Amino acid sequence: MSEVVYEETATMIAAGELQPFVPFGREHCRNHPNAFNLQLRELQPASELWSSDGAAGLVGSLQEVSLQERERECWQLRKGCKGVREEDVEFEEELYAAGTVVVWSQGSRSQASNVYKAFTVDSAVQQALWCTFAVPHDKKDEEEAEQTVCIVQSSCINVHTVTGKDFISPLPFQVSNVWATKFGLLLERKHTATDAQLSPPGESLPTVFSMLHPLDEIAPVVCKPAGLFEGSRVQYVSDSSMKIVFSCCQPSLVVSYDTVQGTHSVWALRRVTQDERSTVLRCSVDPIGTPLGLMASGLLTSHLRNISRLDSPGGSGSTGTSCVVSAGSPLHYGALHSHQSRIMTSSPGLHSRVHSPSISNMAALSRAHSPGMAAPSFSGASRFNTSLHSPSHQQQHHHGLLPSPNTTVNDSAVAPEVEPIVPDLCMEQLWSETVTAGCHREMSSQASKVFLTSDLCENRYLCFLVESHQQLRCVKFIESNNTSQLIFTSVTTVAAKDAEPLQNIDAMLVLEACGSLVLYTGVTRVSKVFVPGLLSPTFSLTNHLSHLSRPAEKVSTPANAGSRHLQRLDEAAMPSPVSELRGPNLKHHEGSFLEDYSFQHATTPYIQALRDPVCNRVTLELSSGRMLRISIPEIATSELVRKCLQAVRFILPKEAAMKVLVKWYNIYNAPGGPSAHAEWNLFVTCFMTLMGYNTERLAWTRNLHVEVPLSPVIAAKKARPSDGGSEEDLDYLLGSHYHRQMNSQPVSLPTETPTAQASVSSLKLDSASPLFPHIPALFYVLHLLYQELQLDELQRARASSLVCLLQQLARDLQLDEYVDLYWRDYPSLISGFTESCVIDQTLIGQMQRPSFLRAEPPCVLSWLSGCLRGEESPPFPCLPGICTRTRLLVLSFALYIVGDENATSTEVSKYLVKLSAGQKYCTSELHYRRQSSVKVKVSCETLAEQLVVWLTSEGFTLKDLESVPFGVALPIREAIYRCREQPCSDWSEEVCLLIGRQDLTKQAHKMTLAKSKASVGSGLSLEPPVATEADEEEDGMSDIIQEVTGLIWSQDLRVQEVRRLLQSSRPVRVSVVQLPEVSDHEYIEEKENKLLQLCQRTMALPVGRGLFTLFSYQPVPTEPLPVPKLNLTGRAPPRNTMVDLNSGNIDVPPNMTSWPSFHNGVAAGLKIAPASQVDSAWIAYNKPKSPELANEYAGFLMALGLNGHLTKLATLNIHDYLTKGHEMTSIGLLLGVSSAKLGTMDMSITRLLSIHIPALLPPTSTELDVPHNVQVAAVIGIGLVYQGTGHRHNAEVLLSEIGRPPGPEMEYCTDRESYSLAAGLALGMVCLGHGSNLIGMTDLNVPEQLYQYMVGGHRRAQAGANRERHKSPSYQIKEGDTINVDVTCPGATLALAMIYLKTNNRSIADWLKPPDTWFLLDFIKPEFLLLRTLARCIIMWDEILPNTEWVKSNIPQIMRGTFDPSEDINMETMAQAQDYITAGACMALGLRFAGSANSDAFDCLYEFARTFMKIMSFAGTAAVQTGYYNLQTGLSMILLAMSMVMSGTGNLKVLQLCRFFHKRTGGEMNYGFHMAHHMGLGLLFLGGGRYTLSTSNSAIAALLCALYPHFPAHSTDNRYHLQALRHLAVLAAEPRLLVPVDVDSLKPCYALLEVTYKETKWYKETTVELMAPTMLPELHLLKRVKVKGPRYWELSVDLSRETQHLQSILSRDGVLYVKLRAGQLPYKDDPQGWKSLLASTVNQRSSGVRAFKPECISTFTSEPALVSFAEFFCKTSEEIQHRDETLVLFSAMLYECVTQECPEMLPTYIAIEQAVGALRRGDLLQTFPLWQMRLVVELWDSRVQRGPANRHDALLTSEFLPVMKNMVDVALDRWLTDNSSVLRSYMRGEALPKAAQSIMLASFLVYRSIPSLRNTHTQLEGCSSLGDLLWRSSRLRIPLRDLLRLVPVLLGPASGPHGVPGLPLQAF
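What counts and what doesn't
In every chain, residue numbers begin from 1 and rise along the written sequence. Local features are withheld for residues below a pLDDT of 70 in this predicted model, meaning they are given only at 70 or higher, and side-chain atom pairs are given and counted only at 80 or more; totals for whole chains, interfaces and linings count all residues. The side-chain quantities take in all heavy atoms of the structure and omit both hydrogens and water. By definition, any uninterrupted DSSP run of H or I lasting at least four residues is a helix, any uninterrupted run of E lasting at least two residues is a strand, and each is numbered from the N terminus. A simple rule labels every residue: compare its accessible area, found with a 1.4 Å probe on the protein chains alone, to the largest value its type can have, and call it buried under 20%, exposed over 50%, or partly exposed in between. Note on contacts: a residue pair is in contact if any heavy atoms of the two residues lie within 4.5 Å. Per-residue and other accessible areas follow the Shrake-Rupley method at a 1.4 Å probe size, with only the shown protein chains counted as cover for residues. Per residue, pLDDT captures the predictor's confidence, and it can take any value from 0 to 100. Between the rings of Phe, Tyr and Trp (Trp by its six-membered ring), a pair exists once the centres lie within 6.5 Å; its type follows the angle of the planes, with under 30 degrees stacked, over 60 edge-to-face, and the other angles tilted. One speaks of a salt bridge when a side-chain nitrogen belonging to Lys or Arg is within 4 Å of a carboxyl oxygen belonging to Asp or Glu. Axis angles are defined between N-to-C directions and span 0 to 180 degrees, where every axis is a line fitted to C-alpha atoms and, for a helix, only to the segment in contact. Any angle that falls under 35 degrees is termed roughly parallel, while one over 145 is termed roughly antiparallel, one within 65 to 115 roughly perpendicular, and all others oblique. Crossings are sorted by hand: turned counterclockwise from the far helix by less than a right angle, the near helix makes the crossing left-handed, and turned clockwise it makes it right-handed. Residues are grouped as follows: nonpolar covers Ala, Val, Leu, Ile, Met, Phe, Trp, Tyr, Cys and Pro; charged covers Asp, Glu, Lys and Arg; every other residue, Gly included, is treated as polar. Given a helix with a known number of residues, its expected span is that number minus one, times 1.5 Å. When DSSP locates at least two bridges between a pair of strands, those strands are taken to pair.

### Some words on the overall build of the chain
So, point 1. A count of helices and strands for the chain gives 76 helices and 45 strands.
So, point 2. The 1964 residues of the chain split such that 54% are buried.
So, point 3. When contacts within the chain are restricted to residue pairs at least 6 apart in sequence, long-range pairs at least 24 apart make up 70% of them.
So, point 4. Within the structure as shown, the chain displays about 86,200 Å² of accessible surface, and the carbon and sulfur contribution to it stands at 54%.

### Remarks on the confidence of the model for the chain
So, point 1. Looking at the chain, the pLDDT average stands at 76 and 72% of residues meet or exceed 70.
So, point 2. When the criterion is pLDDT under 50, residues 1-9 qualifies, and its contacts beyond four places in sequence or with other chains add up to 20 contacts.
So, point 3. Across residues 305-417, confidence stays below pLDDT 50; counting only partners more than four residues off in sequence or on other chains, it has 173 contacts.

### Notes on the packing of aromatic side chains
So, point 1. This model, assessed by the stated rule, comprises 35 aromatic pairs.
So, point 2. Aromatic side chains Tyr 1347 and Trp 1407 sit 4.7 Å apart centroid to centroid with 40° between the ring planes, which places their arrangement in the tilted category. Of this pair, Tyr 1347 sits in helix H50 (residues 1342-1351) while Trp 1407 sits in helix H52 (residues 1402-1407), placing them 60 residues apart in sequence.
So, point 3. In this structure Tyr 1347 comes out as partly exposed when scored by relative accessible area, which is 31%.
So, point 4. The exposure class of Trp 1407 is partly exposed, given its relative accessible area of 28%.
So, point 5. Each residue in the set Trp 664, Tyr 668, Trp 680, Phe 683 and Phe 687 is aromatic and connected to the rest through ring pairs, giving one cluster.

### A short note on the side chain of Asp 1475
So, point 1. As for its position among the elements, Asp 1475 is in helix H57 (residues 1467-1488).
So, point 2. Aside from chain neighbours lying at most four places away, what touches Asp 1475 is Phe 1508, Thr 1522 and Leu 1527.

### Quick notes on the pattern of salt bridges
When their charged atoms lie close together, side chains carrying opposite charge are able to pair.
So, point 1. Tallied over the entire structure, the rule returns 46 salt bridges.
So, point 2. Note that Arg 611 is salt-bridged to Asp 612, the shortest N-O span being 3.0 Å.
So, point 3. According to the relative accessible area criterion, Asp 612 is buried, its value standing at 8%.
So, point 4. Shared partners join several salt bridges into a network, and the residues in it are Lys 224, Arg 270, Glu 276 and Glu 428.

### Side note on the packing of helix H48 (residues 1288-1298) against H50
So, point 1. In contact at an axis separation of 10 Å, H48 and H50 are set at 15° when each is read in the N-to-C sense. Our classification of the angle between H48 and H50 gives roughly parallel. Note on packing geometry: the crossing formed by H48 with H50 is left-handed. Where H48 abuts H50, its residues Leu 1295, Ser 1296 and Ile 1298 lie against Val 1342, Gln 1345, Leu 1346 and Tyr 1349.
So, point 2. In terms of residue class, the contact of H48 with H50 is made up of five nonpolar, two polar and no charged.

### Details of unusual backbone geometry
So, point 1. Of the consecutive residues Pro 1133 and Pro 1134, the connecting peptide bond is found in the cis state with omega at 0°.
So, point 2. Considering the arrangement of structural elements, one finds Pro 1134 in the loop between strand E35 (1130-1132) and strand E36 (1137-1139).
So, point 3. Not every positive phi belongs to a glycine, and Gln 814 is a case in point at roughly 55°.
So, point 4. As for its position among the elements, Gln 814 is in the loop between helix H25 (796-812) and helix H26 (816-825).
So, point 5. Given a relative accessible area of 54%, Gln 814 falls into the exposed group.

### Quick word on helix H60 (residues 1524-1541)
So, point 1. Counted at 1.5 Å a residue, the expected span for H60 with its 18 residues is 26 Å, and the 26 Å between its end C-alpha atoms agrees.
So, point 2. Within H60, 16 of the 18 residues are buried, leaving the element largely enclosed by the surrounding structure.

### A few points about the pairing of strand E6 (residues 114-120)
So, point 1. With six bridges connecting them, strand E5 (residues 101-108) and E6 associate as antiparallel partners. Residue pairing in the sheet places Val 101 in a bridge with Thr 120 of E6.
So, point 2. With antiparallel pairing between neighbouring strands as the criterion, E5 and E6 make up a hairpin whose turn holds five residues.

### Topic: the sheet that holds E35
So, point 1. Spatial strand order, E34-E35-E36: three strands in an open sheet with mixed pairing. Every other strand in the sheet has two partners, leaving strand E34 (1068-1069) and E36 as the edge strands with one partner each.
So, point 2. Of the pairings in the sheet, the one linking E34 to E35 comprises two bridges and is parallel in character. Each residue of the ladder has a partner; that of Val 1068, found in E35, is Gly 1130.

Dropping the structure here:
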């Protein structure tokens, strides 16, 4: 035995809370339907099951089930902890596995167990365990822990995470055991017989593997054995004799057992370093000459990968043909895997890795997404194929040609290279058992249990139980200095049959061989544990076997064994071999016959084993098979005792500390121990006895015994939480403290006081007691603990009990200054103590007086007060880890009051000195203590910020601040108050909580406004209102958040109006008057024709509705998305008869509704917000059953792409949809997928699109018959996926596609315009904004080619791959060799515009100028003029100005002048040209100012709209000339331009225009115009007013696609522009609505914002005020956004640094939390600000306090505390009738708190008032409140001294404090004038006065900060003059003000009571 085991003699403690234990999972499984049914099926043939007498069969089978179950069940328990309400509720979690079921349940003391999750798997569960995987974050290095349950089956591991992800990882080999570690799982491979023949000669295959995440590869683990010589190389763990027996996370250890050597080893588990990785993977050439390492790693890889191919062994024959199949070839591996019944797909093809990178990177990526089934966790079968090194290659290696791991060694094989699997984890050996000579293999055996435990003195042990020896071996370990390594020191063995650790009481429970339970802490035996209701094994039974027990001991402790022969002899002498005696199935115990003898006849069950320790509870397994759960009591329940024990443990040497703690534990937990409140008395008695006091003789400790508890019953209940009464309770009462006291009371009461001599002689200390030498050190740490308790209001009550103990020790150690300090703190208490005990002078030498025990007592309050007065103070002593509050407050004052910025970082030692247990100062810290000579005075603001941030980092919260005494807390409150005004926007949530800005705290939580129907986590419910009528729901617009729109547009119902205009789900009103001459039949036709006209409008509505409801809904994953139906019927008044188009009376165009229903699907899909939870399954789940809804679903798919959800759709599903060959679905899918992958150049999407574009396929490929519209969609898709990338090949193809000629066999002949346009748009997108910097495209001459397409000319020869395609011209269309400009011009123009977007390239812009001669004008279609003007303007982006002059400047000179009538001018051409050019310029203006709500731009556009309207309304010349159609086109474009500028603002004028056009249905108003007008309406209310348009390049490109100025003539028209592209406008939308939400009511509200624009070349830096909720301008234009006061707390977001913060706020629905300042009302209730609290004081003449009525407090503040304070303390009620002044005072306090914005100061005000009141009434019992008062006054002084400028930021600003201060002064002065003699006698050191005087004297001394003058009275007495007095007192640090109060006392009565002449007291 390496350590002496200190043993308490014959003590026993009682275990509590006995209850029978049954695993909850077993109960649950009984009722679990699944397992039961499965097993029935296994057990019985089907016929039998359903036979008529099924019942009997059932019963029989059930019994069998339970038998089988019992064999296989296993469970484990662990401590669970989650915060429920403030405090943490402790509960236990159980994981139970039986058969195929795993049950995870939870239960606590207060709550019955309940199932958390239950899992059923396919095959038998081998093992179930909890494991935490580390998931790396995308951007940062930090990792997130993911808690999971892993269920191990024979062929795979199921992993279920707490967040709901499920993974299945197939196992490539059979697993014998799985261990959870800090990094993931460790798997031990089952060692099979075939291993030997398969492994290559000389090297075995790895046995231990790791899996860091279910999606990662399973990788072998490497180990680093601790070799004696240098060559301990890193190698794979391949030793099959090594078995893992234990693993743990903290510290990360693994314990293994070597079956051959019979020893245990401990390994540290960590990640592999780069060197070790390369060492293992590099092929080290062995001395023999065969590159074994290479062989091994190659083999290992191939072996592993081969067996993970899930085919039969022959399956790899294809690659195996050319391999040298040697004995070691992995191809024979099939033998290992008899279970081929994997439920997996067959392995993918050999070339599966051509495109994909290595899968483990993919795995890392895909962890972020929702997991499907993790496919075999090795990357594709190609990596599993073998390539064995043939001999010839091995010879090459001798010449030093080591192939890199990538080269394929075996050239003849078909297989690709083998990549070695990179190991992830490394086991480094830390310790292993020594093999002693006496101990032989057969002697040792594997540990059945391993655990970590620590003892009361914080030593840590790793214990393993060797059952065959009945030994518990405890290995002590410590962390090395840099904590990087564990050092294992000594081994101690404890005889034990079983053991379990009890974590939270630092102990372990040991079951001894004789059957008794013993509690150990570390290796120190504490006591036996008495389990009530279980007989402890009787000793009489074991006595007669004593001669037998000796040899058994000898055998089991190898250390005792002398020699081998002796052992043999002993064994021979033993009775017959044990194993036979016990039967073969039991474990082989060497000492077990003992038990047999002793318990065979005993009927009582005895304890057989222990299991499942959680905290201080453990389960006992009884021999009868029952299980009991018991709990072992804690070391202390009272906080004070616990703290004292901590301090004792800290300062004493470990052996002494251990003695004290064990002694205390036994006394405290003796059966029938003390009641809870007697605990302290018991502790004092125990503690003083250990120091050598005779507590019976000391009066005050004797009284501790006499104190009778309130009632024995209560005491009993307190000590025992269990409520069931029993006989034990009675026994307990009889043995209780109370009972003993009541019986012995007469004896112990002191009948007469003993004579003085007797008492003196008996009050000596016993110097032999264990703690006697340590008394001074113990006294000092307890004194520091006392100082710590002073700083916590909640603990201060306990300080008074501690002070009794301290004063006794201080007296006996003759430390008068300490006694004086205690007397000052508790004058009434300490005056009562007089006794002191004598310590022999000779013995004082034996005491170790530590160097840190100073004569001057450290007092934390005076240290803080010194700080406030600006004095230099020595560092304050502190016990690390115990005096945490002291440390926190001392450093806070140093930082904030002293102003030392480094106080909390580098210069801690200037303010704090740490005590070390080594009885002297830490020398290492001395050289830090240099004073910094140069003090940089930092501004208070930054100090306050630093303080607040530092306090938060130390874990200090508002709750802690409440418990800091008010004087000490004031500076911290002041710092908080300062920070609250202007916090940084990037502070963490905790800091914001501390400074009381809940608005910022809430902001730090990532939250959104609208959740799907349910309200947000913290109750923020901005739900759409529930509609009353059923039909309300169906229009698809019910999800707009009304609370927000109601604030933005509070004056009118415009949102309802928009809903009315855009709804398409109800029948329209068809009102046709029947003229007398019209027959009924004609009338019906007339009605139907009218309906057809109205339907043109209805069909166009969904495009606008999609924009209006954009991103406003979060779908419920279990319900399909509601899609409003497109209703094309009508109702005719007056009888409301149905009008239907399908009656056959009129001709209706075929397929009329196909595109409208597509748009309807898009509109429905666009409601889904990007943040919602959408997955592949839900998308497929929405697929409609009926084929007529297929178009709608196609639209829905496109919408999902636009809001980014289509990326989640599985490739398989995409393939499914495309193979259907449904044209619309393909269009929607291709456009959707491309939008979702905008600008990513995603390869797989590119392949998908290329299939649909003949030009991108190889020229020889088969021609696929792709519908024309699908080709258009695919081309645009290429543009989207490659947006802005400038990809050369795609640009080249698209350029030639713009002018694609028609083919010979009618292909490419119809709708060529839309294809050409799409190619142009796509080209523009690919080269978006690149201008002339197109890298590597100079040879393509892009701009020239485009110019040619635009103006016409000869066609160039087709270059490159497409030459073949266009050999023969079309037979239908004769174009010759010129370019058909009508087809190519629009695409080319827009391509130029997008390539040169915003580049201000004048030369290109000049190409696009309209011609300046009439002759040339005639050659250009007016429509193309619109496009050219638009293109030219957006190239010259910076020249666009928002005024009419600029618009008109685009019209060529020739049209603007006066016309010569002689010229032949075609007026029609001119009028059309002018209108189209104007429309183009307006369109450009709209794009330039999109989403800006620029009023100039709007006015300008509005003016043009009015002009156009006027022209249309005159049916005069101009309208006829231009043509209605052209005017309407121009007007629609201007309307769209206005909607873009005012996007999201809901401007009324634009709304009126839209409504005007909505009503016009007849005549030329076709489908396209309606679409344009309603798109305008949608843009105007984009996303219900939450979204607006961006002007980024990408947004402009999207808008050009969506708003292309040629709208379809009818609903099936896609000739010039594909209708689906209209929805791309969504890509330009961005959320910029800022919604202030009141953090208390969680309702949106108004708040004033101040927005500062950056300076640009058009305007200087400007600031505007906006009333939010409002649209913000584009963020890149802004410098700062700030919430302005005075209503709300200010909050500023600085955008010049980073816009990320604000962007994330906007994307989360723009919720900006604001907090109403106290005394203010929100704008809604008080628009003018006349009702606020401060305003009321101005109106009334009297002071604000008088005017303030407490009743109306609730209107000004939402703090519930203040409201109830007003309710109870500021109103006259019966109780406080007569104290009017109190009421007024309270009201005044309340008023000040509310107006000053610091409601948290109210308790401080009240505390000050209470303290002063108590002093004036003279009923103070302790001086503590005066200390606090003094600190408050000193803080006030230090603030005022800095000058009046600083007064405003002090917290106590009113006249309240001076009044209170004056009251204290008056009270103390009055006392002093009457009792100056008392003060004099104190200063001379005479005896202390009587109680009443004593209290006032102490108060005076404390408040006037007069130091203990006992030793210094000579210095001050008898001063002749004031100057003399001042000089002498300067060394005593008495403040001048306080010194002058002493003058009359010190200078004697001569100068009279009035002090020095000419110095009136009042001056101070």
